[in-house]
Amino acid sequence: LLVIKKHASPLGAFVHEDVICSTHASAYNSNAKSAHVSQAGKRFPKPELLQNLPLSHPASNIFEKIFDSSQILMQLAESSGTFSDPLPDGLICFALFGNDFLVSNQLDVKLCEVNSHPALGWGTMKDVTPKVFKRLIEDMLDIVVFGESEKSTRFRKLSIQVDKEND
C-alpha cells in the first residue's frame, strides 16, 4: 500500500498488483508460529504472486477483495483528520506499507496487520523473486517523482471518499 500526500492535495493511496501470498493447509492460529509466512518452505509452500496461482486455485481472484479492504482502511485513516493539514509548498510525503491479510476457506478477506517497515526481499520475503521488489520500488518512485498520471505503473489507485457530515 503506497500512501502519498502532496501540499494541499487530498491523500492518495495505491495498491500494487503484485500481491504476495502464502498458502497453508491448516487453519491459522496466532499462537502457532508454523502458520506465519516466515515458515514458508519448511512445512508449507513458499510465497508466490497471487497472479501466478492457477485459475483453479480458490484464492486466485481475491485481488478485488484485498483492494476493497485497503480502500476501507484508507477511508478510516482519512476520516480521522490526521492527514488533513496541507504540507508546505513543494513537499511530498509518502510511505510504503505492507498489509497482511488472512483469507478464509470461504474466501473472506480480513486485514491482519499493517507493517510500517515491510520486508522487501529479506527475512520473511527472502524466497520471493527479487524482480517483484524491483518493480514495486520502480513503480513507487514513478508515482512519487513523476505523479500518478505521468507513467503507467502496476499500482491501482484507491478512491478515498469521506463523508464530512458524519465526522
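Residues numbered from 1 in each chain as written. Predicted model: local features only at pLDDT ≥ 70, side-chain atom pairs only at ≥ 80, totals over all residues. Heavy atoms only, no water.

Draft legend 1. Local environment of the overall build of the chain. Looking only at helices and strands, the chain features two helices and eight strands. Mapped from its N terminus to its C terminus, the chain presents α and β elements in the order β-β-β-β-α-β-β-β-α-β. Considering the chain as a whole, with its 167 residues, one finds that 35% of them fall into the buried category. Summed over all atoms, the accessible surface of the chain reaches about 10,400 Å², with 53% contributed by carbon and sulfur. (Helix = DSSP H or I, 4+ residues; strand = E, 2+ residues; numbered from the N terminus. Buried < 20%, exposed > 50% of the residue type's maximum accessible area, 1.4 Å probe, protein only. Areas by Shrake-Rupley, 256 points an atom, 1.4 Å probe, with all protein chains shown as cover.)

Draft legend 2. Structural context of a nonpolar patch on the surface. A grouping of Leu 141, Val 145 and Phe 146 is seen on the molecular surface, where their side chains present a nonpolar patch of about 300 Å² in accessible area. Considering the arrangement of structural elements, one finds Phe 146 in helix 2 (residues 130-146). (Patch = residues over 30% accessible without salt bridge, like charges linked within 9 Å, V, L, I, M, F, W, Y side chains within 5 Å. Salt bridge = Lys/Arg side-chain N within 4 Å of Asp/Glu carboxyl O.)

Draft legend 3. Fine view of the nonpolar core. Of all hydrophobic cores here, the largest spans 19 residues; its most connected members are Leu 1, Leu 50, Met 74 and Leu 158. Of all the secondary structure elements, the ones that give two or more residues to this core are strand 2 (12-16) and helix 1 (63-79). It is helix 1 that provides the largest number of residues to this core, a total of four residues. The residues contacting Leu 158, other than those within four sequence positions of it, are Leu 1, Ala 13, Phe 14, Val 15, Phe 67, Ser 70, Gln 71 and Met 74. If you look at the next biggest cluster of nonpolar residues, it comprises nine residues, including Leu 96, Leu 136, Met 140 and Phe 155. (Core = buried A, V, L, I, M, F, W, Y, C linked by side-chain atoms within 4.5 Å. Contact = heavy atoms within 4.5 Å.)

Draft legend 4. Looking closely at helix 1. Here helix 1 spans 24 Å end to end across 17 residues, near enough to the 24 Å set by a 1.5 Å rise per residue. The set of residues buried in helix 1 consists of Phe 63, Ile 66, Phe 67, Ser 69, Ser 70, Gln 71, Met 74 and Glu 78. Elements that come into contact with the buried residues of helix 1 comprise strand 1 (2-6), strand 2, strand 6 (98-103), strand 7 (109-115) and strand 8 (155-157). Where helix 1 ends, the next residue or the one after it, Gly 81, has phi of about 85°, a positive value. (Expected span 1.5 Å × (residues − 1).)

Draft legend 5. Structural context of the side chain of Ser 70. Looking at the element boundaries, Ser 70 is found in helix 1. Using a relative accessible area of 2% as the deciding quantity, one classes Ser 70 as buried.

Draft legend 6. Representation of the environment of Ser 80 in the model. Summarising the element assignment, Ser 80 is placed in the loop between helix 1 and strand 5 (92-96). A relative accessible area of 47% places Ser 80 in the partly exposed class. Here Ala 77 takes part through its backbone oxygen, which lies 2.5 Å from a polar atom of the side chain of Ser 80. (Polar contact = N/O pair within 3.5 Å; in protein donor to acceptor, adjacent residues only side chain to side chain.)

Draft legend 7. Local environment of the pairing of strand 2. A large share of strand 2 lies buried, amounting to five of its five residues. Here strand 2 shows two buried faces, one formed by Gly 12, Phe 14 and His 16 and the other by Ala 13 and Val 15. Between the end of strand 1 and the start of strand 2, which pair antiparallel, lie five residues, with His 7 showing a positive phi angle near 30°. Direction of pairing for strand 2 relative to strand 8: antiparallel, over a ladder of three bridges. (Pairing = 2+ DSSP bridges.)

Draft legend 8. Spatial organisation of the side chain of Asn 99. Within the secondary structure layout, Asn 99 lies in strand 6. Residue contacts for Asn 99: discarding those within four places in its chain leaves Leu 1, Ser 70, Leu 73, Leu 111, Glu 113 and Val 114.

Draft legend 9. Region of the structure containing helix 2. Helix length check: helix 2 (17 residues) gives 24 Å between terminal C-alpha atoms against 24 Å at 1.5 Å per residue, within 8%. Those residues of helix 2 not exposed but buried are Val 132, Phe 133, Leu 136, Asp 139, Met 140, Asp 142, Ile 143 and Val 144. Contacts made by the buried residues of helix 2 are with strand 1, strand 2, strand 3 (20-21), strand 4 (48-49), strand 5 and strand 8.

Function cannot be inferred from these measures alone, as they are strictly geometric.
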